Structures are given as C-alpha cells and as structure tokens.
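# Reading the structure
Spelled out from the first residue to the last, the chains are:
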Amino acid sequence: MKTILRRKDNTSICCPSINQRYVKFTVKTKVIKLTVVCTLLVVGLFIMIIAQ
C-alpha cells in the first residue's frame, strides 16, 4: 500500500510502504551477528582461563 502525502500547494507525492519482509530479515541478521559475537567472547574467555 502506498501513502499519498499532500503538500500546501495541492501537489502530492507517493511514499511506498516499507516492505515487512525486509524488516524481519534485518532483525534476523542482527540476532545472528549477536549470537556469533557472544559465542566468540565465550570461547575467548575459555581459552584465556585454560592458558593460565
């Protein structure tokens, strides 16, 4: 669905709506990145503990 915005001089512009699929994909990507970062931190701490 498109949103039509009206200006003061009675001209209009169309703003396409944001695709919900893209938004969900972005959230999924962020979750994957956070999971990888947390896993690397835990592995790094584990290696540091063993190395002592």
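Criteria and thresholds
- Residues numbered from 1 in each chain as written.
- Predicted model: local features only at pLDDT ≥ 70, side-chain atom pairs only at ≥ 80, totals over all residues.
- Heavy atoms only, no water.
- Helix = DSSP H or I, 4+ residues; strand = E, 2+ residues; numbered from the N terminus.
- Areas by Shrake-Rupley, 256 points an atom, 1.4 Å probe, with all protein chains shown as cover.
- Patch = residues over 30% accessible without salt bridge, like charges linked within 9 Å, V, L, I, M, F, W, Y side chains within 5 Å.
- Salt bridge = Lys/Arg side-chain N within 4 Å of Asp/Glu carboxyl O.
- pLDDT = per-residue confidence, 0-100.

## Comments concerning the overall build of the protein chain
- Scanning the protein chain from N- to C-terminus turns up 1 helix and 2 strands.
- Along the chain direction, N to C, the helices and strands of the protein chain fall in the order β-β-α.
- Surface accessibility of the protein chain: about 5,500 Å² in total, with carbon and sulfur atoms responsible for 70%.

## Notes on a nonpolar patch on the surface
- A surface patch of nonpolar side chains, amounting to about 410 Å² of accessible area, comprises Val43, Phe46, Ile47 and Ile50.
- Here Ile50 lies in helix H1 (residues 20–51).

## Describing the confidence of the model for the protein chain
- On average, the protein chain scores 80 in pLDDT, and the residues at 70 or more come to 63%.
- The lowest-confidence element of the protein chain is strand E1 (residues 2–6), averaging 65 in pLDDT; the highest-confidence one is H1, averaging 88.

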